[in-house]
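# Descriptive analysis of the structure
One-letter residues, chain by chain:
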Amino acid sequence: MRVLIQRVLESSVEVEGQICGQIGKGLLILLGFSPEDEPSIMDKMIRKILQLRIFPDDTGKMNLSVTDVSGGLLLVSQFTLYADCKKGNRPSYIQASPPVQALEQYQNFVQRFRDSCTLQIETGIFAADMKVQILNDGPVTIWLDSEDI
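Model, not experiment: these values are computed from the prediction.

Helix α2 (residues 99–116) packs onto helix α1 (residues 39–51) with a crossing angle of 50° between their chain directions and a minimal axis gap of 10 Å. Classified by the angle between their axes, α1 and α2 sit oblique to one another. Here α1 and α2 pass one another in a crossing that is right-handed. Touching P39, M42, D43, M45, I46, I49 and L50 of α1 are Q105, N108, F109, R112, F113 and S116, all from α2.

Set out below in structure tokens:
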């Protein structure tokens, strides 16, 4: 599982001219899944995301988590996080889960996240052509790979 986290002041996802997910201060979380990603990996990733201390405290030091600041979470599927650009100029996505499996993984991840906290959780629409607006705060962008946590 690969996750790209962006600390945001606000973020939204639009599909066919309609906003389908929107948060204020919080985290935009782009999600990519591989065929090996099981629920235990998802749970570990959720715990890590909720505990990451990437929000500033009163002294300006990044010392608070999204939970500490009661931030929102915008979860957006993005298979391109598994792009392999080693050969040629056209990325390969063979390491990403096939669409049917990825949809199931995405839905499972979103539900597990909702079950893990009381924060506002919004989503994009799986496999839709989404327009994502981001007002990155910092900017702070964190890359997580389940193989490294």
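Under the definition given, this model contains four salt bridges. Residue R2 pairs with D145 through a salt bridge whose shortest N-O separation is 3.0 Å. Note that R2 is positioned in strand β1 (residues 2–15) and D145 in strand β8 (residues 130–145), a separation of 143 residues in sequence. Judged by its relative accessible area of 9%, D145 is buried. With a shortest N-O distance of 3.3 Å, R7 and D137 are connected by a salt bridge. Linking R7 in strand β1 with D137 in strand β8, this pair joins segments that are 130 residues apart in sequence. The class for D137 is buried, based on a relative accessible area of 18%.

For the rest of this paragraph, the subject is the state of the cysteines. Tallied over the entire structure, the rule returns zero disulfides. Cysteine C117 is unpaired, with the sulfur of C20 as its nearest cysteine sulfur at 19 Å. Exposure remark for C117: the relative accessible area of 16% places this residue in the buried category.

It is worth spelling out the nonpolar core at this point. Counting residues in each nonpolar core, the largest one holds 27 residues, and the members touching the most others are I29, I49, L73, F109 and F113. Looking at this core, the elements with two or more residues in it are β1, β3 (26–32), α1, β6 (72–77), α2 and β8. Looking at this core, the element that brings in the most residues is α1, giving five residues. One finds V8, V15, V76 and M130 within the second-largest nonpolar core, a separate group that totals 11 residues.

Before going further, it helps to spend a moment on the pairing of β3. Extensive coverage of β3 is indicated by the burial of seven of its seven residues. Two strands pair when backbone bridges link them, and β1 and β3 are joined in this way by seven bridges, in the antiparallel orientation. Each bridged residue has a counterpart across the sheet, and for R7 the counterpart in β3 is L27. Two strands pair when backbone bridges link them, and β3 and β6 are joined in this way by six bridges, in the parallel orientation. Pairing of L27 across the sheet is with L73, part of β6.

Let us look at the layout of surface pockets. Looking at the largest pocket, its volume works out to about 380 Å³. Among the elements of the structure, β3, β6, α2 and β8 are those that each provide at least two residues to the lining of the largest pocket. If one sorts the elements of the lining of the largest pocket by residue count, β3 sits on top with three residues. Split by residue class, the lining of the largest pocket holds 15 nonpolar, four polar and no charged.

Cut-offs applied
- Residues numbered from 1 in each chain as written.
- Predicted model: local features only at pLDDT ≥ 70, side-chain atom pairs only at ≥ 80, totals over all residues.
- Heavy atoms only, no water.
- Axes fitted to C-alpha atoms, helices over the stretch in contact; angles between N-to-C directions.
- Helix = DSSP H or I, 4+ residues; strand = E, 2+ residues; numbered from the N terminus.
- Parallel < 35°, antiparallel > 145°, perpendicular 65-115°, else oblique.
- Left-handed = near helix turned anticlockwise from the far one by under 90°.
- Contact = heavy atoms within 4.5 Å.
- Salt bridge = Lys/Arg side-chain N within 4 Å of Asp/Glu carboxyl O.
- Buried < 20%, exposed > 50% of the residue type's maximum accessible area, 1.4 Å probe, protein only.
- Disulfide = S-S within 2.5 Å.
- Core = buried A, V, L, I, M, F, W, Y, C linked by side-chain atoms within 4.5 Å.
- Pairing = 2+ DSSP bridges.
- 1 Å grid on protein atoms, 1.4 Å probe; cavity = no way out; pocket = protein on both sides within 12 Å on 5 of 7 lines; lining within 4 Å.
- Points joined across faces, edges and corners; volume = space filled by probe spheres on them.
- Nonpolar A, V, L, I, M, F, W, Y, C, P; charged D, E, K, R; others polar.

By themselves, these figures tell us nothing about what the structure is for.
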